[in-house]
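# Structural features, examined
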2 protein chains.
Amino acid sequence: MANQRVYVLGGAQTDFARNWSKEGKHISAMIREAAAGGLEATGIEAKEVQVGHVGNFAAELYSMQGHLGAFLVEVDPAFSGLPTARHEAACASGSIALLAASAEIEAGRYELAMVVGVEQMKTVDPKTGGDYLGTAAWYENEAKGIEFPFPKLFGKLGDEYDKRFGLKDEHLARISAINYGNAKRNPLAQTRNWYMTEDHAKATGKFNTVIGGRIKVSDCSQVTDGAASAFLASERFAAQYAERRGMKLERIPRILGWGHRTAPLEFAAKIQASEGQPYVLPHTRQAIVDAFRRAGLKDVWDVAGIETHDCFTTSEYMAIDHFGLTRPGESWKAIEEGVIDMGGKMPINPSGGLIGAGHPVGATGVRQVLDAWKQVSGRAGDFQVENARRFATLNIGGSGTTSCAFIVGC
Amino acid sequence: MANQRVYVLGGAQTDFARNWSKEGKHISAMIREAAAGGLEATGIEAKEVQVGHVGNFAAELYSMQGHLGAFLVEVDPAFSGLPTARHEAACASGSIALLAASAEIEAGRYELAMVVGVEQMKTVDPKTGGDYLGTAAWYENEAKGIEFPFPKLFGKLGDEYDKRFGLKDEHLARISAINYGNAKRNPLAQTRNWYMTEDHAKATGKFNTVIGGRIKVSDCSQVTDGAASAFLASERFAAQYAERRGMKLERIPRILGWGHRTAPLEFAAKIQASEGQPYVLPHTRQAIVDAFRRAGLKDVWDVAGIETHDCFTTSEYMAIDHFGLTRPGESWKAIEEGVIDMGGKMPINPSGGLIGAGHPVGATGVRQVLDAWKQVSGRAGDFQVENARRFATLNIGGSGTTSCAFIVGC
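Rules used in this analysis
Residues numbered from 1 in each chain as written. Chains lettered and ligands numbered in written order. Predicted model: local features only at pLDDT ≥ 70, side-chain atom pairs only at ≥ 80, totals over all residues. Heavy atoms only, no water. Phe/Tyr/Trp six-rings, centres within 6.5 Å; stacked < 30°, edge-to-face > 60°. Helix = DSSP H or I, 4+ residues; strand = E, 2+ residues; numbered from the N terminus. Buried < 20%, exposed > 50% of the residue type's maximum accessible area, 1.4 Å probe, protein only. Lys NZ or Arg CZ within 6 Å of the ring centre and 35° of its normal. Core = buried A, V, L, I, M, F, W, Y, C linked by side-chain atoms within 4.5 Å. Contact = heavy atoms within 4.5 Å. Expected span 1.5 Å × (residues − 1). Least-squares fit on C-alpha atoms with pLDDT ≥ 70 in both. Buried area = accessible area lost by both parts, 1.4 Å probe. Salt bridge = Lys/Arg side-chain N within 4 Å of Asp/Glu carboxyl O. Nonpolar A, V, L, I, M, F, W, Y, C, P; charged D, E, K, R; others polar. Pairing = 2+ DSSP bridges. Axes fitted to C-alpha atoms, helices over the stretch in contact; angles between N-to-C directions. Parallel < 35°, antiparallel > 145°, perpendicular 65-115°, else oblique. Left-handed = near helix turned anticlockwise from the far one by under 90°. Polar contact = N/O pair within 3.5 Å; in protein donor to acceptor, adjacent residues only side chain to side chain.

### A short note on the packing of aromatic side chains
Inspection of every chain in the model, using the stated rule, returns 18 aromatic pairs over all chains. On the numbers, 4.7 Å between centres and 70 degrees between planes, the contact of Phe71 of chain A with Trp138 of chain B is edge-to-face. Taken together, the residues Phe71 of chain A in helix H3 (residues 69–73) and Trp138 of chain B in the loop between helix H4 (126–133) and helix H5 (139–143) connect one chain to another. Among the residues examined, Phe71 of chain A registers a relative accessible area of 1% and is labelled buried. You can call Trp138 of chain B buried: its relative accessible area is 12%. Between Tyr161 of chain B and Tyr317 of chain B, the aromatic rings sit 5.3 Å apart at their centres with planes inclined by 85 degrees, giving edge-to-face as the arrangement. One end of the pair, Tyr161 of chain B, is in helix H6 (residues 149–165); the other, Tyr317 of chain B, is in helix H12 (residues 313–322), and 156 residues separate them in sequence. Taking the relative accessible area as the measure of exposure, Tyr161 of chain B reaches 1% and is therefore buried. Tyr317 of chain B sits in the buried class, given a relative accessible area of 2%. Grouped by ring-pair contacts, the aromatic residues Phe150, Phe154 and Phe312 of chain A constitute a single cluster. The cationic tip of Arg18 of chain A hangs over the ring face of Trp20 of chain A; the distance from NZ or CZ to the ring centre is 3.8 Å.

### Thoughts on the nonpolar core
Core analysis: the biggest nonpolar cluster contains 116 residues, and Phe323 and Leu325 of chain A together with Phe323 and Leu325 of chain B have the highest contact counts within it. If sequence neighbours within four positions are ignored, Leu325 of chain B has contacts with Val300, Trp301, Ile306, Ile320, Val339, Ile340, Met346 and Ile348 of chain B.

### Digging into helix H7 (residues 149–165) of chain A
All names here are of chain A. With 17 residues, H7 ought to run about 24 Å at 1.5 Å a step, and its terminal C-alpha atoms sit 24 Å apart, in line with that. Of all the residues in H7, the buried ones are Pro149, Phe150, Pro151, Leu153, Phe154, Gly155, Leu157, Gly158, Glu160 and Tyr161. The secondary structure elements touched by the buried residues of H7 are helix H5 (126–133), helix H6 (139–143), strand E5 (210–212), strand E6 (215–216), helix H11 (267–274) and helix H13 (313–322). Positive phi appears at Gly166, one or two residues downstream of H7, with a value of about 85 degrees.

### Looking at the relation of the copies chain A and chain B
With an RMSD of 0.0 Å, the operation that places chain A on chain B is a rotation of 180 degrees combined with a shift of 0.0 Å along the axis. The superposition of one copy onto the other is thereby described by a two-fold rotation axis.

### Regarding the interface of chain A and chain B
At the interface, 62 residues of chain A touch 62 residues of chain B. Across the interface of chain A and chain B, roughly 4900 Å² is buried in total on both sides, 55% from carbon and sulfur atoms. Of all residues in chain A, Met64, His67 and Arg109 of chain A give up the largest surface area on contact with chain B, accounting jointly for 17% of the area buried on that side. Here chain A and chain B share six salt bridges between them. Here Glu106 of chain A makes a salt bridge to Arg109 of chain B, at a shortest N to O gap of 3.1 Å. A per-element tally of the side of chain A that touches chain B places helix H4 (residues 93–106) of chain A first, with six residues. Taken together, the residues of the side of chain A that touches chain B sort by class into 30 nonpolar, 21 polar and eleven charged. Pairing of strand E3 (residues 84–88) of chain A with strand E3 (residues 84–88) of chain B involves three bridges; the strand directions are antiparallel. Within E3 of chain B, the position partnered with Glu88 of chain A by the bridge is Arg86 of chain B.

### Structural notes on the packing of H6 of chain B against helix H10 (residues 267–274) of chain B
The axes of two packed helices give the description: the angle between them and the distance between them. Residues and elements named next belong to chain B. Close contact between H6 and H10 brings their axes to 11 Å; oriented N to C, the two are set at 20 degrees. The angle between the axes of H6 and H10 places the two elements in the roughly parallel class. Considering only the axes of H6 and H10, their crossing is right-handed. Taking contact as the criterion, the partners of Leu153, Lys156, Leu157, Glu160 and Arg164 in H6 are, on H10, Phe267, Ile271 and Ser274. Counted by class, the contact of H6 with H10 contains four nonpolar, one polar and three charged residues.

### Here we look at the environment of Ile215 of chain B
All names here are of chain B. In this fold, Ile215 is placed in strand E6 (residues 215–216). Expressed as a C-alpha distance, the spacing of Ile215 and Gly155, which sit 60 residues apart in the sequence, is 5.5 Å. When neighbours within four sequence positions are excluded, Ile215 is seen to be in contact with Pro151, Phe154, Gly155, Val210, Cys220, Phe312 and Thr314.

### A short note on the side chain of Ser351 of chain A
Residue and element names in this part refer to chain A. Here Ser351 lies in the loop between helix H14 (331–336) and helix H15 (353–356). Given the relative accessible area of 0%, Ser351 is considered buried. A polar side-chain atom of Ser351 sits 3.0 Å from a polar atom in the side chain of Arg367. Once residues within four sequence positions are removed from consideration, Ser351 is found in contact with Asn182, Ala183, Asn186, Ala189, Glu307, Ala357, Arg367, Asp371 and Phe383.

### Examining the packing of helix H7 (residues 169–183) of chain B against H12 of chain B
All names here are of chain B. Packing of H7 against H12 brings their axes to within 9 Å, and their N-to-C directions diverge by 100 degrees. As far as their axial angle goes, H12 and H7 are roughly perpendicular. For the pair H7 and H12, contact is made by His171, Leu172, Ile175, Ser176 and Asn179 and by Thr313, Thr314, Glu316, Tyr317 and Ile320, respectively. Of the residues assigned to the contact of H7 with H12, the class counts are four nonpolar, five polar and one charged.

### Focus: unusual backbone geometry
Here the phi dihedral of Met64 of chain A falls at roughly 45 degrees; this positive angle occurs in a residue that is not glycine. On the secondary structure map, Met64 of chain A appears in the loop between helix H2 (59–62) and H3. One non-glycine residue, His67 of chain B, lies in the positive phi region at around 60 degrees. Considering the arrangement of structural elements, one finds His67 of chain B in the loop between helix H2 (59–62) and E3.

Below is the structure:
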């Protein structure tokens with residue numbers, strides 16, 4: 001039996017440069033803005049939405065608030081009674097919410113789902129925030145009592161590449177510079193007005209301090225307040241939607257494929273398990289391969305670009321070979337040859353990614369799919385990849401623990 | 001297009017009388033025991049499981065741990081790579097996980113899903129725990145600085161019944177006594193060896209103190225450590241499973257119907273919205289009606305019993321008329337006439353419910369469906385309802401905010 005197709009009708013993103021705590025605003029205001037903004041951007045009426053899903057990592061800690069799905073109901077009187085839920089897999093929470101929403105559409109339960117990814121992170125100081133992020137790892141074993149555990153874990157990912165294949169920090173600096181550079185063309189990117197050059201990223205010292213291991217400030221994604229929405233529809237709803245907008249249904253992007261895999265939680269266990277294998281994170285590789293297989297695509301060159309999870313430069317370095325842009329361990333070649341630049345053969349993170357655009361944890365997976373939708377709809381403005389027909393995303397929770405990939409396109 | 005049917009193959013529950021903190025055990029041990037115990041109970045091999053879902057409310061607060069889905073991977077080497085996720089809607093988290101898992105099976109994504117509901121609550125003192133539970137409500141508006149906010153909110157539910165229809169506390173005491181009584185026959189119930197009679201529940205004073213409003217100790221569900229698992233399967237997997245066990249497929253219970261609705265988050269907003277309507281919590285009523293409609297059943301008398309969400313006696317009082325056992329406001333009649341007793345026309349909570357069996361928040365929805373499965377499979381032992389063919393559940397998050405209902409049967 002063939003599944004229902006799942007169409008993406010667009011959505012909205014908050015300005016990731018905003019600090020909602022300084023504005024005196026509750027996390028519910030972020031949910032409201034992403035949901036209401038998405039209705040406005042898509043021209044969907046609130047009464048047409050049949051189910052709501054929220055992706056969020058740890059509002060219990062950052063905002064002393066659970067039950068976030070219910071806040072969708074507060075957005076519009078027409079939402080009273082709307083079935084809602086919140087979904088979590090650390091930094092992959094947004095993708096997990098999209099998977100839950102798309103499963104319900106594939107199953108024929110609902111015709112139109114609203115998905116909001118959200119995280120308010122500036123409620124606490126950076127050290128406390130770093131501790132909270134440690135709950136995405138095995139907290140007691142890998143994070144408790146460790147200052148900024150995640151930069152250290154992803155530093156070890158770089159160390160593992162170094163050990164297996166060799167790794168030069170200048171390639172990580174280039175990844176950082178590309179993301180910061182791309183972010184300057186994204187009007188919703190957190191760092192769009194920040195100063196960060198490749199020379200700056202290469203340097204170590206007062207203006208680019210080491211956070212942990214080989215990870216410096218320039219290698220890190222941002223602490224971000226933000227939310228993003230995406231509206232997913234059945235073929236029946238999408239056909240009506242296309243008709244009333246005078247569009248052809250074939251022009252509305254779909255989720256062409258997806259992948260979802262979970263590796264052992266502890267970083268050391270992952271590395272031990274992949275010893276002697278071609279890929280450092282084989283389950284992340286598998287999630288990508290699954291997405292391309294489900295989309296019926298041959299390989300990465302069948303997409304026009306990638307929005308990937310550069311929580312640190314090392315995770316983007318990993319994504320380059322795991323997507324198949326190079327052979328395992330040779331990500332540096334794609335960096336040196338300009339493959340991943342805007343205008344390159346396979347632009348990565350035209351939005352600026354997590355380093356440039358920002359990383360409101362639970363929002364990231366939704367923001368990636370929304371940006372992929374913008375690309376394949378020709379609506380990405382100054383960060384548009386020309387003639388993009390299909391785009392891929394990769395969203396990672398923990399130290400490569402939960403990996404989710406989507407292919408969005410027509 | 002007809003959806004795939006979703007079969008329930010059974011599962012396992014931890015002993016809700018255990019205190020895992022006193023045993024020095026991490027929440028991962030509870031997940032392991034429910035998952036591994038479920039494999040053993042069902043005779044399913046780990047390698048047959050294709051996806052894992054966790055229902056959990058607030059491990060970030062109780063256990064300083066997020067990303068719970070990933071802990072499923074730790075249970076068995078065969079689970080390496082298993083797609084996993086965690087789902088949350090406060091005390092309805094277990095049902096939300098079941099809904100996510102069943103949607104994926106209906107969609108044809110997977111053939112066999114493992115669902116584990118879990119909460120470790122005895123990591124903190126009762127007052128801190130009460131504060132954490134406040135994040136299931138709108139924390140800043142309804143819970144911050146309030147000692148034990150939830151008993152007070154559900155006290156107000158009783159007050160609203162009193163105002164609209166009249167309510168005698170002796171009927172709430174009877175609900176308490178029935179649940180404690182039923183729990184004595186459930187070998188996994190937290191209170192199976194506790195002392196609580198109807199006279200005791202009726203009394204107020206030193207041995208039954210007031211917690212908030214009209215809610216006394218005897219009206220409250222328990223603070224519980226516990227986990228429960230349920231295995232959901234497609235028709236294809238269920239048919240193979242039946243064959244290798246020498247059973248007929250028609251004898252394997254299914255999820256016949258489900259309902260899922262969300263009301264405005266704040267209790268005052270709910271009550272204001274239902275003013276002048278027959279039901280005090282119309283969205284909870286709707287979730288129940290939706291479940292029966294999807295199951296193709298006429299009314300509540302088409303099921304043999306109910307496992308309902310008695311977080312407080314007032315919520316069970318509400319469930320009685322909302323399920324349609326009586327006309328709105330007349331729940332007391334069903335109590336007085338013995339309808340809800342074991343051996344009555346519509347036994348409620350043969351397991352002892354949340355008051356008697358215990359209420360490990362994120363586990364409750366899964367425990368209810370597992371107990372419903374036990375009933376319709378004739379495996380409920382000393383708390384078996386005779387000739388039960390279909391059973392209903394109702395699981396509620398917040399102050400009647402998220403309502404989920406299931407009908408399990410053949």
